[in-house]
Amino acid sequence: MNLAFRGYKDKGFTAIAYFCVLLLGFLLLVVLIPMTGRGLSAVLFRETVEFRRMQYAIFNRGNEERLRAQVARVEEARRPIYELLDSFARGIDTESQISRVRDIFRRFNEELRLQNVSDESYTELRGKARHIRDLLTEAYTSTDREEVSKLLDEVLAFAESPGLKGAAEQYFEMARSYSKTIKQMDLADRQRYAAQLSEVTEAIRDLFGPRPDEPMPPLAENQFGATRWDLVQRYLRRLLYSEQWVQTDPAKPMEKKLVCRTDPKQFGGTELEPLFGMVESSLDELFLPRLRIYWQYFIDDSTPGYFFGGVGPEIFGTLLLTVCAMAFAAPLGIVSAAYLVEFGGDSRIVRLIRTCINTLAGVPSIVFGLFGLAFYVMLIGRPCVLAASLTLGLLVLPVVICASEEAIRGVPQTYKEASLALGAGRFRTFATVTFPAALPGILTGIILSLSRAAGETAPILFTGAVFLGPIPNSLFDKTRALSYASYGIATGDKVGMTMPHQQYGVVMTLIALVLCLNLAAIAIRWRISRKLKGY
Amino acid sequence: MNSSQHIPKSRQDDSGQPHLKVQVYRSDESPDRRQSQGTGGNAASAVIHSEDFSFYYGDKAGVRGISMDIRPQAVTAIIGPSGCGKSTFLRCINRMNDLIPHTRAEGLLAVNGVNVYDRNVNLVNLRQQVGMVFQKPNPFAKSIYENVAYGPRLQGGRRRPDLNDWVEQCLRDAALWEEVKDDLHKSALALSGGQQQRLCIARTLATRPRVVLMDEPCSALDPVATAKIEDLIGELKQTYTIVIVTHNMQQAARVSEMTAFFCLGELIEYGRTSNIFTNPASKQTEDYITGRFG
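These remarks concern the structure in this document. (Residues numbered from 1 in each chain as written. Chains lettered and ligands numbered in written order. Predicted model: local features only at pLDDT ≥ 70, side-chain atom pairs only at ≥ 80, totals over all residues. Heavy atoms only, no water.)

The interface is formed by 25 residues belonging to chain B together with 19 residues belonging to chain A. For the pair chain B and chain A, the number of links is 1 salt bridge. Counting every contact that joins chain B to chain A gives 5 residue pairs in polar contact (both at pLDDT 80 or more). Sorting the residues of the side of chain B that touches chain A by element identifies helix H4 (123–129), strand E6 (130–133), helix H5 (144–155) and helix H8 (193–205) of chain B as the ones contributing at least two each. Residue composition of the side of chain B that touches chain A, by class: 13 nonpolar, 7 polar and 5 charged. (Contact = heavy atoms within 4.5 Å. Salt bridge = Lys/Arg side-chain N within 4 Å of Asp/Glu carboxyl O. Polar contact = N/O pair within 3.5 Å; in protein donor to acceptor, adjacent residues only side chain to side chain. Helix = DSSP H or I, 4+ residues; strand = E, 2+ residues; numbered from the N terminus. Nonpolar A, V, L, I, M, F, W, Y, C, P; charged D, E, K, R; others polar.)

So this is what it looks like as C-alpha cells:
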C-alpha cells in the first residue's frame, strides 16, 4: 500500500512536470506564431502598382521605364471610373459646382478685359455672363426638377449668342451635362447623396491615391493609394459597403450593419451604380498586384511616421543601445559579483549590498527611466544614446550580478585551490581559473539581460529614444529603437489603424533580433563550455 | 585523554637525529622546550617542524597540540579516521585553510625554519615551496602544456624554449610524458582520472617545491591508476619531501617511511611506518590499524 502510494506520488509529480513544460511550450507558440505570422506580412505580401510608385519615389528603387508603362496602364483603367464619378458629382456636389460657376465668370471677365472690345459690348457681354451665372447658380441650388430644367433651357438659349466665347462656353457644357444628370436623378435626394458621395470619393482616393490631375499632397502618407493587396481589400470593402448603425432591438445597443452601395437606398438606380461593379471586377487591371518579398524592410528607413518603408534605423538603434548597455553592465556586474563572492567575505556590509542588489532587480523599469532622466540626462546635458544605454545597463546590472555571482560560486573550490596551491594570488586565480570556468554561467545571465535590454521601452523613453530622426552619428545623438517604435505606433493617431502590418513588423523584428542575439550568445556559451569540458 | 598514557616518552636530545627515531610529542609539553627547539639542529634537519600547533574553525578545534618533525626526502603518511584533522593539518602546512573564514592557528608550524602563520610570510613563496596535490584530480580547463606551465609562468621571466624543456621534465618526473607527448595541447580534461592526477603532480612539481603535500591523492582512482601514482611517489621521494594523507592503510604501509596516526584532532602516535604497523605503541593505533576501530 505504502509502496503503491509512493509510486502514484512519483507518477503524479512527473505528470505535473510534463504538463507544465507542455503548457509553457504551448503558450510560447500561442504568443510567437501569430506575432511572427502577422509580422511576416510586413515583409511578404502582394504589392500593387502604388507600392512600386512609392518605392521609386521614396527609395529610388525599381525600373523607371517599366514603372512608367505600368502607371500609364493603370491610369487608363482608372479613367472611366473618375469620369463616372465626376459626372455624378455634378448633380450632387453643388457647392463645388457653384464655386466653379463663379470661377468661370471671373475668368471670362479677365478674358474680356484683355480683348479689345468696346465699352458698350463689354458691358453687354458682362451683363449676359452675370445673368447666366445667376441662372446656373439658381439651377444648382434648386431641388425642383421642373424649375431646374426651365433655368437650364434659359441658359442654353444664350449658347448661340455671339461674343460669349472662351470661358463662357464652359457654362453651356455644364448646363448640358447637368440637364442630363437631372433626368436620371431625384434632386430631392441630393443631401443624402452628398454625404454618401464624399464617402465614396474618399474610398476611391484611398484606393487610387491622388488623381493624376491633382497637385501632389505634401505628406508622403497621402501621396500613394493602397500599396498592398490587403489594403486594397480593406478600402474596397469601404467602397462597396456603407457602414450603418441600426437599432434592431430597443433593449440592445445599436448594431453595425453593412449596406451595399448598390442598394436602392444608396446609389441603386443612379448613374453611379455601375462604378462599384467596375472597380470590383477590374481590380487586377487597376492595381497590377504581384507577390513581393520586401527584405529591404530590415534596412530601409521609414517615411516620417512609419507609413511606408522599413525599420533599418530602429534595428541599428536597438543594437547600439543593447551593445552599449551590455558593455557597461557586463564588466561592472562581473567585477561586482567577483567581489561579493571571492573577496567580500561574509560581512554585514556584503550582505547589505546583496540585499540592495536584489531590491534593485525588482524596481520597475519606468523608475530607472526617470532616474536616467534625473541623473544621466542632467549630467550629459541632453537625452542621447549614452544616457539611454547607461540607464539600460543599470536596469540589467542586478540580473548580471546575480547570475555571475551564482556562476562564480558554482566553480568548484578545488579549481581555486589548485591555483592558489601553485602560488597564484587571488586576482590571478580569479582571472585565469575561476572566471573562465564561470564564464558559461555568466554568459547565461548576460543573455537574459541582453533580451531584457533590447525589449525595454520605459528606460529609454526619457533618456534618448525618438520616433523620428536620423541614424545617430555619435553616442551623444538620439536614436530610434524598435521597442520605442512599437510604442510610438501603438499610441500614434493613425499608423496603427491604417497600417497594422507596420506595427506587427516592428514587433516581429524585435523578437527576431532578440532571438538572433540569444542564439549568438548561446553558441558562444556552448563553445566555451565544450572547451571547458575538454572536447 | 587516555591515549596519552600509551605514548612513549622518549624525548629527543637537541643534538641527535630526531627524524630517525620515533618522535612523539605530547600536547602538554613545556614552553621552554619549544623555545630551545626553535632554530636548533632539529629544525635544520626537519623540513616541517610543528610544535604545539592548534588550528581552530571558529571555536571548534580542527587539530590540537600537534608537535612533529617531518624528515626531508622521505614519505610521511598521515592516517586516521574521518574528521580526525589529518587533512586540516596538511592544509595548514601551505595555509590552504586561509580560504575558510573564521579560522585561527596557535602554536608553531615552520617550513624550512619559517613560521607559516607568521604575519609577514610571503604566501606565494610558501606555496611554491610547498606544493599540494588534491583528493580529486583538478586540472585547469586548459591544455596539458598550459597546466604544467601555469606555475612557472606565475614565477615569471621564463623564456619559451626554456619553458618547453621544463614542462617536458616535469611531465617525465610525473611519469606522464610518454602518454601525452604527442598531444600536449589537448585539453587536460580529456585525460583519464589517473592521468589527470599525474598531471596535477607534474603541475605541482613545475614550481620546484621542496615539499609536496598529497591529500588522499588516490581516493578517486582505480587500483591500476593508484599503483602508478604510488610508484611515482616512490620515485619522487628521492628529490622531494612528501606528506601524504590517506585513508588506505595498505597504501600508507607501502609508500611511507614514517606514519603519523591522528585521532580526534590530536596526534596519537608518530613513528617509523614499520613500527606503527607491526608494533604500535598506542592501543588506539592498534585498534585502528587492525580495523577494530569504530
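Anyway, onward from the coordinates.
To continue, consider unusual backbone geometry. Residue and element names in this part refer to chain B. Its identity is not glycine, yet Gln73 carries a phi of approximately 45 degrees, on the positive side. Note on placement: Gln73 falls in the loop between strand E2 (60–70) and strand E3 (75–79). Using a relative accessible area of 42% as the deciding quantity, one classes Gln73 as partly exposed. (Buried < 20%, exposed > 50% of the residue type's maximum accessible area, 1.4 Å probe, protein only.)

Within a sheet, adjacent strands bond to each other through the backbone by hydrogen bonds, running parallel or antiparallel. All names here are of chain B. Pairing in this open sheet of 4 strands is antiparallel, and the strands run E2-E1-E4-E5 from one edge to the other. Since the sheet does not close on itself, it has two edges, and those belong to E2 and strand E5 (114–115), each with one partner. The pairing of strand E1 (residues 48–57) with strand E4 (residues 103–111) spans 8 bridges and is classified as antiparallel. Paired with Tyr56 across the two strands is Arg104, which belongs to E4. Relative to E1, helix H3 (residues 86–93) is tilted by about 115 degrees, and along the sheet it contacts E1, E2 and E4. (Pairing = 2+ DSSP bridges. Axes fitted to C-alpha atoms, helices over the stretch in contact; angles between N-to-C directions.)

Residue and element names in this part refer to chain A. Close contact between helix H9 (residues 229–240) and helix H10 (residues 273–281) brings their axes to 10 Å; oriented N to C, the two are set at 165 degrees. Relative to H10, the element H9 is oriented roughly antiparallel. Considering how the two elements wind past one another, H9 and H10 form a crossing that is left-handed. Of the residues in H10, those touching H9 at Leu236, Leu239 and Leu240 are Phe276, Val279 and Glu280. Its residues placed into classes, the contact of H9 with H10 shows 5 nonpolar, no polar and 1 charged. (Parallel < 35°, antiparallel > 145°, perpendicular 65-115°, else oblique. Left-handed = near helix turned anticlockwise from the far one by under 90°.)

Residues and elements named next belong to chain B. Here we have 6 strands laid out as an open sheet, ordered E6-E7-E8-E3-E9-E10, and mixed in their pairing. A single partner strand is all that each edge strand has here, and the edge strands are E6 and strand E10 (266–272). Adjacent strand axes in the sheet meet at a mean angle of 20 degrees when their direction is disregarded. Of the strand pairs in this sheet, E3 and strand E9 (residues 258–263) are connected by 4 bridges, and their pairing is parallel. Bridging across to E9, Ile79 finds its partner in Phe261. Against the sheet, H3 engages E3, E6, strand E7 (211–215), strand E8 (241–245) and E9, with an angle of about 150 degrees to E7.

This part covers the nonpolar core. Within the largest apolar cluster, 81 residues are counted, with the highest numbers of intra-cluster contacts made by Ile48(B), Met68(B), Phe89(B) and Phe262(B). Considering every element that reaches this core, the biggest residue donor is helix H15 (residues 385–410) of chain A, with 13 residues. Beyond its immediate stretch of four places on either side in the chain, Ile48(B) contacts Met68(B), Asp69(B), Ile70(B), Ile93(B), Leu109(B), Ala110(B), Val111(B), Val211(B) and Val243(B). Listed in part, the 55 residues of the second largest apolar core include Phe59(A), Tyr82(A), Tyr306(A) and Ala454(A). (Core = buried A, V, L, I, M, F, W, Y, C linked by side-chain atoms within 4.5 Å.)

Now for the pattern of salt bridges. As enumerated under the stated definition, the model contains 36 salt bridges over all chains in all. Taking the shortest distance from any N to any O, the salt bridge between Glu47(A) and Arg292(A) comes out at 3.4 Å. With Glu47(A) in strand E1 (residues 44–47) and Arg292(A) in strand E4 (residues 290–293), the pair connects residues that are 245 residues apart, well separated along the chain. Here Glu47(A) and Arg292(A) have matching classes, each one buried. Taking the shortest distance from any N to any O, the salt bridge between Glu257(B) and Lys237(B) comes out at 2.5 Å. Here Glu257(B), found in the loop between helix H10 (249–255) and E9, pairs with Lys237(B), found in the loop between helix H9 (223–236) and E8; they are 20 residues apart in sequence, far enough to count as distant. Among the charged side chains, a salt-bridge network with shared partners connects Glu47(A), Arg52(A), Arg290(A) and Arg292(A).

As a further point, take the side chain of Arg480(A). Residue and element names in this part refer to chain A. Looking at the secondary structure, you find Arg480 in the loop between helix H18 (458–461) and helix H19 (482–491). Classification of Arg480 as buried rests on a relative accessible area of 4%. There is a polar contact of 2.9 Å between the side chain of Arg480 and the side chain of Glu314. A distance of 3.4 Å separates the side chain of Arg480 from the backbone oxygen of Phe467, its partner in a polar contact.

A separate point is a nonpolar patch on the surface. Taken together, Phe19(A), Leu23(A), Phe26(A), Leu27(A), Val30(A) and Val31(A) make up a surface patch of nonpolar side chains, about 570 Å² in accessible area. Counting through the fold element by element, Phe19(A) comes out in helix H1 (residues 2–40). (Patch = residues over 30% accessible without salt bridge, like charges linked within 9 Å, V, L, I, M, F, W, Y side chains within 5 Å. Areas by Shrake-Rupley, 256 points an atom, 1.4 Å probe, with all protein chains shown as cover.)

Right, let's get into the environment of Asn94(B). By the element assignment, Asn94(B) lies in the loop between H3 and E4. Assessed through its relative accessible area of 0%, Asn94(B) is described here as buried. A sequence separation of 36 residues divides Asn94(B) from Val130(B), and the C-alpha atoms of the two residues are 5.9 Å apart. Once residues lying within four places of it in the same chain are set aside, the contact partners of Asn94(B) are Ala421(A), Leu126(B), Arg127(B), Val130(B), Met132(B) and Leu213(B).

This brings us to H19(A). Burial runs high along H19(A): 7 of the 10 residues are buried. By the burial criterion, the buried members of H19(A) are Leu482(A), Ser483(A), Tyr484(A), Ala485(A), Ser486(A), Gly488(A) and Ile489(A).

Our next topic: the packing of helix H12 (residues 312–343) of chain A against helix H21 (residues 500–533) of chain A. All names here are of chain A. In the contact formed by H12 and H21, the axes pass within 11 Å of each other and the chain directions differ by 40 degrees. The angle between the axes of H12 and H21 places the two elements in the oblique class. Crossing geometry of H12 relative to H21 is assigned as right-handed. Contacts from Ile315, Thr318, Leu319 and Thr322 of H12 reach H21 at Thr509, Leu510, Leu513 and Leu517. Within the contact of H12 with H21, the residues separate by chemical class into 5 nonpolar, 3 polar and no charged.

To continue, consider the packing of aromatic side chains. Taken as a whole and judged by the stated rule, the model has 23 aromatic pairs over all chains. On the numbers, 6.3 Å between centres and 65 degrees between planes, the contact of Phe53(B) with Phe89(B) is edge-to-face. Pair noted here: Phe53(B) is in strand E1 and Phe89(B) is in helix H3, with a separation of 36 residues, a long-range link. With respect to class, Phe53(B) is no different from Phe89(B); both count as buried. Clustering of aromatic rings is evident, with ring pairs tying together Phe53(B), Phe55(B), Tyr57(B), Phe89(B), Tyr117(B) and Phe262(B). The ring of Phe287(A) carries Arg78(A) above its face, with NZ or CZ at 5.5 Å from the centroid. (Phe/Tyr/Trp six-rings, centres within 6.5 Å; stacked < 30°, edge-to-face > 60°. Lys NZ or Arg CZ within 6 Å of the ring centre and 35° of its normal.)

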